[in-house]
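# Breakdown of the fold
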Amino acid sequence: MVEAWYMDESPEDQRAPHRLRPNRPVSLQQLRRLGVAYRRLDADNYETDPCLKEIRRAENYSWMDIITIHKDKLPNYEEKIKTFYEEHLHLDDEIRYILDGSGYFDVRDKDDKWIRISMEKGDMITLPAGIYHRFTLDENNYVKAMRLFVGEPVWTAYSRPADDLPARKQYMNFLAEEA
């Protein structure tokens, strides 16, 4: 089951858990209020999993690839890790399904505080278009993830500030309605 918490402000290694002391856990319900969707799937059988097939059909996820983030597998590894950890948003939802390994997605709450979401094998997350976020490996330094898209993938990340983009404005309207 996914675990999430509010992050500390420590500048230490981004791969560390960065929990506040005392810990301030974040529930799935709180994540849903931010538009973040979570599912647990059978990563050992992702190629034939009927649940994944149904999700792809229902959500119209027509494009998919698999990325392995590890120093021996990803070209320009160090540069990519830094890029993934820069705060940004996308114009489309970001859907990631962890097939092996683990890592963290960090998202901003409505008060602009960081929430760290620990992802491991079997976890699928959907981050809504317009949410500020970032990704990093954890201390295991390895993740294999499926990336899903509606239609052709758009890889453009918009660094903060990007508050004038329509996707960000729409997301902020969503947060206002959830309040």
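Before any of the text, the structure's been laid out above.
Residues numbered from 1 in each chain as written. Predicted model: local features only at pLDDT ≥ 70, side-chain atom pairs only at ≥ 80, totals over all residues. Heavy atoms only, no water.

## Describing the overall build of the protein chain
Of regular secondary structure, the protein chain possesses four helices and eleven strands. Its C-alpha radius of gyration of 16 Å places the protein chain within 12% of the 16 Å reference for a compact globule of 179 residues. The principal-axis extents of the C-alpha atoms in the protein chain amount to approximately 40 × 35 × 30 Å. Out of the 179 residues belonging to the protein chain, those deemed buried represent 45%. In the protein chain, of all internal contacts separated by at least 6 residues, the share reaching a separation of at least 24 is 74%. Total accessible area computed for the protein chain in this model is approximately 10,000 Å², and 47% of it derives from carbon and sulfur atoms. Each charge class in the protein chain can be summarised by its mean position, and for the 27 positive and 34 negative side chains these summaries are 1 Å apart. (Helix = DSSP H or I, 4+ residues; strand = E, 2+ residues; numbered from the N terminus. Rg over C-alpha atoms; globule rule 2.2 N^0.38 Å. Buried < 20%, exposed > 50% of the residue type's maximum accessible area, 1.4 Å probe, protein only. Contact = heavy atoms within 4.5 Å. Areas by Shrake-Rupley, 256 points an atom, 1.4 Å probe, with all protein chains shown as cover. Lys, Arg positive; Asp, Glu negative; His and termini not counted. Charge placed at Lys NZ, Arg CZ, Asp CG, Glu CD.)

## As for the pattern of salt bridges
Counted under the stated rule, the structure contains 15 salt bridges. For E87, the salt bridge goes to R160, with nearest N and O atoms at 2.9 Å. Pair noted here: E87 is in the loop between α3 (77-85) and β5 (88-89) and R160 is in the loop between β11 (158-159) and α4 (166-178), with a separation of 73 residues, a long-range link. The partner of D112 in a salt bridge is R160, with the nearest N and O atoms 2.9 Å apart. Of this pair, D112 sits in the loop between β6 (94-108) and β7 (114-120) while R160 is found in the loop between β11 and α4, placing the two residues 48 residues apart along the sequence. D112 sits in the partly exposed class, given a relative accessible area of 32%. A single salt-bridge network, built from bridges that share partners, covers E87, R108, D112 and R160. (Salt bridge = Lys/Arg side-chain N within 4 Å of Asp/Glu carboxyl O.)

## Digging into the nonpolar core
By size, the foremost hydrophobic cluster in this structure holds 28 residues, and its most contacted members are V36, I69, I115 and I117. Those residues in contact with I115 that lie beyond four places of it in its chain are A4, W5, Y6, M7, V26, L31, L34, F105, D106, V107 and D109. L41, A43, I55 and L99 belong to the second largest nonpolar core, which has twelve residues in total. (Core = buried A, V, L, I, M, F, W, Y, C linked by side-chain atoms within 4.5 Å.)

## Considerations on the packing of aromatic side chains
Scanning the model with the defined rule gives seven aromatic pairs in all. Ring geometry for F105 against F135: centres 4.9 Å apart, planes inclined by 55°, an arrangement best described as tilted. You can see F105 sitting in strand β6 and its partner F135 sitting in strand β9 (residues 133-137), a full 30 residues away along the chain. Exposure class is identical for F105 and F135. Each is buried. Here a set of aromatic residues connected by ring pairs shows up, and it is made of W63, F149 and W155. Sitting over the ring of W5, R19 keeps its end group 3.7 Å from the ring centre. (Phe/Tyr/Trp six-rings, centres within 6.5 Å; stacked < 30°, edge-to-face > 60°. Lys NZ or Arg CZ within 6 Å of the ring centre and 35° of its normal.)

## Things to note about α4
Along its 13 residues, α4 runs 18 Å from first to last C-alpha, staying within 8% of the 18 Å computed at 1.5 Å per residue. Residues of α4 that are buried: A167, R168, Y171 and L175. Seen from one end, α4 has its buried residues packed into an arc of 95°, which puts them on one side. Across from the buried face of α4, at angles greater than 90 degrees, the exposed residues are P166, Q170, A176 and E177. Against the buried residues of α4 lie α1 (28-33) and β5. (Expected span 1.5 Å × (residues − 1). Arc of directions from axis to C-beta.)

## Things to note about the environment of D138
Relative to the elements of secondary structure, D138 occurs in the loop between β9 and β10 (143-149). Distance from D138 to E120, taken between C-alpha atoms, is 10.0 Å for residues 18 residues apart in sequence. Excluding residues within four positions of it along the chain, D138 makes contact with R15, S102, G103 and Y104. At a separation of 2.5 Å, a polar atom in the side chain of D138 contacts the side chain of S102. For D138, the side chain forms a polar contact with the main-chain nitrogen of N140, separated by 3.0 Å. (Polar contact = N/O pair within 3.5 Å; in protein donor to acceptor, adjacent residues only side chain to side chain.)

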